[in-house]
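The chain contents come next:
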Amino acid sequence: MYKSHLVLAWRNLLKNKTYAAINLIGLTLGISCSLLVLLFIYEELQYDQHYSEAESIYRLNYQYKNDIYAITGFVNWWDANRDEQLLKVAALEGLSGVEEVAQFNATHSSTMSKQPIYLSVTNALGEDKKFTEKEVLLSNTGSALYNIFQWELVYGNKAQSFNGPYSAILTSATAERYFGADWKNRIASQSLNWNNQEYPVNAVIEVGDNNTHFDFEVILITPEIPSWGAYLYLKLSPNAQLSKVNEQLNRQLELIEPEILNNPDEKGSYLQAITDIHFSNNILYELKPKGEIQYLYVFGVIGMIILSITITNYINLSVALYSRRKSEIGMRKVMGAPRETITIQFLTEAALLCTISLPLSLLLLELSLPYFNQIMNLDLKNMYLQSLPGFLGVLAFTVSIGLIAGLYPALLLSGRNVLDLIRNQTGGVRERFSLRRVMFIFQFTLLIALASATILVNEQLRYINHKNLGFRKEGIITFNPVSSANYQHIKNRLLSYSHFSHIGQGMVPGLEMTDNTSYKITGSEQVYDNAGFWEMDWDAVKTLGIEISGIKESNAPNEVIILNQYSATNLMEQLGLDDKEQLLGRSISTHLEYQNEDESFGRNYVIGGFVEDLHLLSLKEKISPMLIKVDKNPDMIYWMIMRIDTDRLSESLNILKDIYDETITDVPLEINFLESSLEQLYEQEQRVANLSFYLSIIAIVIALLGLMSMSAYLVSLRTREIGIRKVMGASVLELLMLLSKEFIMMVCVATLIATPFAYIFVDRWLSDFAYRIDVDIWVFLFTGFMTLCIAVAVVILQTVKTANSKPAITLKAD
């Protein structure tokens, strides 16, 4: 019986080649897009799930004021020696329920200036060569680090490879890059050199999936971590109670640093499951951009829209083809075929067509995946072809789509009365047209909502890119000069070239986080909290084109505080002042929690001027109080900030590289373009815009396929009517209006339905931005109008062809 169903299904597909081809193309596009979206969502949800005991691994997060930090500071911070760096590790190792404690920091962390390092190694040809590494972990708890994450060891001894005091562990990809494809025969007795210290290569590991909240190419086991803190991880025993461990660890940390007990700004520490890190919000010093769970919903909805349009196309065409098969269905019923058998036949045809589309969908997915990865900045792999369960899963998914798509036509067509079928009656044109209207309105609604949302998302990103941030971003590059002496030397050399017009140093918008601080007018009791504290010199102010009122560089003291409009307004209200100029020359205290050598608290500066509210962070953040310390002779050098001649960009960068390499030989040059750094603040949003744009195009293509075939079918149903009307004197324009008015009505209804849903979605997405566009109704009207134009254009193409035929031919049509 099943063989008979398959044979009949195949014959029917061959008999209606045009409609079968249209359905096949639509199903292939729809299924491949759905599989791509599912693959992306699955990979995002699998972050940090691949560790063998992921459910037992936690990271220690630290809370101070209203901020949460992913990194834990050492006792004595930058001045901590090895023993002091390990104090908290040792304290937590003794807690009940804790099996392992490890810590590391990374060269790509903000706490280490995101500065790459040189690693010297003897390569496969016996040559000493420097490799620039951006992602290196530095740890002084090597064995515990391995015991927690348990990477696959492909070279080395488990008991000794991660022991110190000096040891290097490479990933397999790094080992191949350093020593060639036959690295296993070359790696013995090899060492890496960093900071004039040899690190024997004791292990090579396979890290597996890269969907983890930190990446690395090399691990260096070293006695001391060159930073003020580290990322601290704990592995708990299976029966450990998280709440009790949190209580214990806070008591232990208070014993090490008793001063935090009397500090109301200290909010304690807590353990966070590593499987929750990727989608956690508002945690500072993360090593990778966090994921956005709401964007998974967005991508899922877009995938469902495409799939819905695909299924709707199939239903529409299946019902349309019914008139050609009514005699077949009637004869089968006369011969005794029950309704269930006819239903199974239609479901078999739908499932067969989807099954045929599966290899095409997988091929299309395989071809499009590299481009998708490039657009979305990902490294997804086609898991559907990598394992039998994956393939069986996608096969079941595809067949299910076929069954869902074929279910309604199967139930509808198998339920017709035998006499109606034999008499060539199908239940009335109005009823069938009502069904088609519903389906078309549904499709148009989805298209208008998706296209409108895509336009508005891109408008918000355009608004971000063109908004005046209060400083110059074009032609600005930054890099870390490592030391004050290097900075001055490189600056003097570069200024002798006309390629570089302004050079300064300081913190960089989009690259540095603000140091949140408390502040008050010296002598006042009113304290303000969580002001951004930004540092730069006067040359950086000029380089970035920041306009300061109230003071000139020539009259400024060595250190001066510049207030943004927000903080100036706060202080004016507190002091009852009418003009912000009255704040000039007053003393302001910042960092009130820090104790000076004379046992006083805070750091005192003079208010010297004002700036408009600068957008130094993402436009998602509301403008908040900002204190800018401008220094004539800064003790600490942050980033070198310079304006270059973009018309001679390549030449300018070559000059910079030559001077840098002559000055600094142990740290590679890492250049950041300010525009790119600011764009990275909206990486997730740009991904959403890119994906929604391309998927919208695919949705429109699928919908057009269905619209073209359905319009051709509807026109064919009225071929004789068109001939009669033409004989009676109707013009082509009148015929076009007659056949188009129904589509005009459907698009108008769809626009009315789509507008509120799209508006709610976009408005909710825009609520994440403190500075945003207004959602104008014209976007929905424009999208509806363009949809109408496309629909009418398709109908016109079909109608004109029929209307221009000879009446003798059209009058003979069935």
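This report concerns the structure included in the present document. (Residues numbered from 1 in each chain as written. Predicted model: local features only at pLDDT ≥ 70, side-chain atom pairs only at ≥ 80, totals over all residues. Heavy atoms only, no water.)

**Considering the overall build of the chain**
- Along the chain, the regular secondary structure elements total 23 helices and 25 strands.
- A buried classification covers 52% of the 814 residues belonging to the chain.
- In the chain, 80% of the contacts between residues at least 6 apart in sequence involve partners at least 24 apart.
- Surface exposure of the chain reaches about 37,700 Å², of which carbon and sulfur atoms provide 55%. (Helix = DSSP H or I, 4+ residues; strand = E, 2+ residues; numbered from the N terminus. Buried < 20%, exposed > 50% of the residue type's maximum accessible area, 1.4 Å probe, protein only. Contact = heavy atoms within 4.5 Å. Areas by Shrake-Rupley, 256 points an atom, 1.4 Å probe, with all protein chains shown as cover.)

**Concerning the pattern of salt bridges**
- Here the structure, examined in full by the defined rule, presents 17 salt bridges.
- Residue E53 pairs with K235 through a salt bridge whose shortest N-O separation is 2.7 Å. Of the two residues, E53 is situated in the loop between α2 (17-45) and β1 (57-64) and K235 in strand β13 (residues 229-236); the sequence distance between them amounts to 182 residues.
- The salt bridge involving E662 is made with R493; its shortest N-O contact spans 3.3 Å. Note that E662 is positioned in helix α17 (residues 649-663) and R493 in helix α14 (residues 484-494), a separation of 169 residues in sequence.
- We classify E662 as exposed; its relative accessible area is 54%. (Salt bridge = Lys/Arg side-chain N within 4 Å of Asp/Glu carboxyl O.)

**Overview of helix α6 (residues 172-179)**
- Every buried residue of α6 is accounted for by S172, T174, A175, Y178 and F179. The buried side chains of α6 occupy one side of the element, clustering within an arc of 155 degrees when seen end-on.
- For α6, the secondary structure elements touched by its buried residues are β5 (117-122), β6 (128-133), β9 (167-171), β10 (191-194), β11 (197-206) and β12 (218-221).
- Just beyond α6, the residue with positive phi is G180, at close to 90 degrees. (Arc of directions from axis to C-beta.)

**Some details on the nonpolar core**
- Counting residues in each nonpolar core, the largest one holds 106 residues, and the members touching the most others are F299, F444 and I628.
- In terms of residues, this core owes the most to one element, helix α13 (residues 429-466), which gives 14 residues.
- Those residues in contact with I628 that sit more than four places away from it in its chain are W534, M536, V560, I561, I562, V611 and L614.
- Ranked by size, the runner-up nonpolar core spans 34 residues in total, among them I71, F104, L137 and A203. (Core = buried A, V, L, I, M, F, W, Y, C linked by side-chain atoms within 4.5 Å.)

**Points about a nonpolar patch on the surface**
- Together, Y371, I375, F693, Y694, I697 and V701 give the surface a local cluster of nonpolar side chains, amounting to about 560 Å² of exposed area.
- Elements with a minimum of two residues in the nonpolar patch: α10 (339-376) and α19 (683-717).
- Counting residues per element, the nonpolar patch draws most heavily on α19, which supplies four residues.
- Mapped onto the secondary structure, V701 falls in helix α19.
- For V701, a relative accessible area of 37% gives the class partly exposed. (Patch = residues over 30% accessible without salt bridge, like charges linked within 9 Å, V, L, I, M, F, W, Y side chains within 5 Å.)

**Description of the packing of aromatic side chains**
- Scanning the model with the defined rule gives 28 aromatic pairs in all.
- Pairing F104 with Y233 gives two aromatic rings, centres 5.4 Å apart and planes at 10 degrees, and the pair type is stacked. Remark: Y233 occurs in strand β13 and F104 occurs in strand β4 (residues 98-106); sequence separation between them is 129 residues.
- Judged by its relative accessible area of 0%, F104 falls in the buried class.
- Judged by relative accessible area, which is 0%, Y233 ranks as buried.
- In textbook terms, an aromatic cluster arises when at least three aromatic residues are bridged by ring pairs, as seen for Y51, F104, Y146, F149, W151, F162, F214, F216, Y231 and Y233. (Phe/Tyr/Trp six-rings, centres within 6.5 Å; stacked < 30°, edge-to-face > 60°.)

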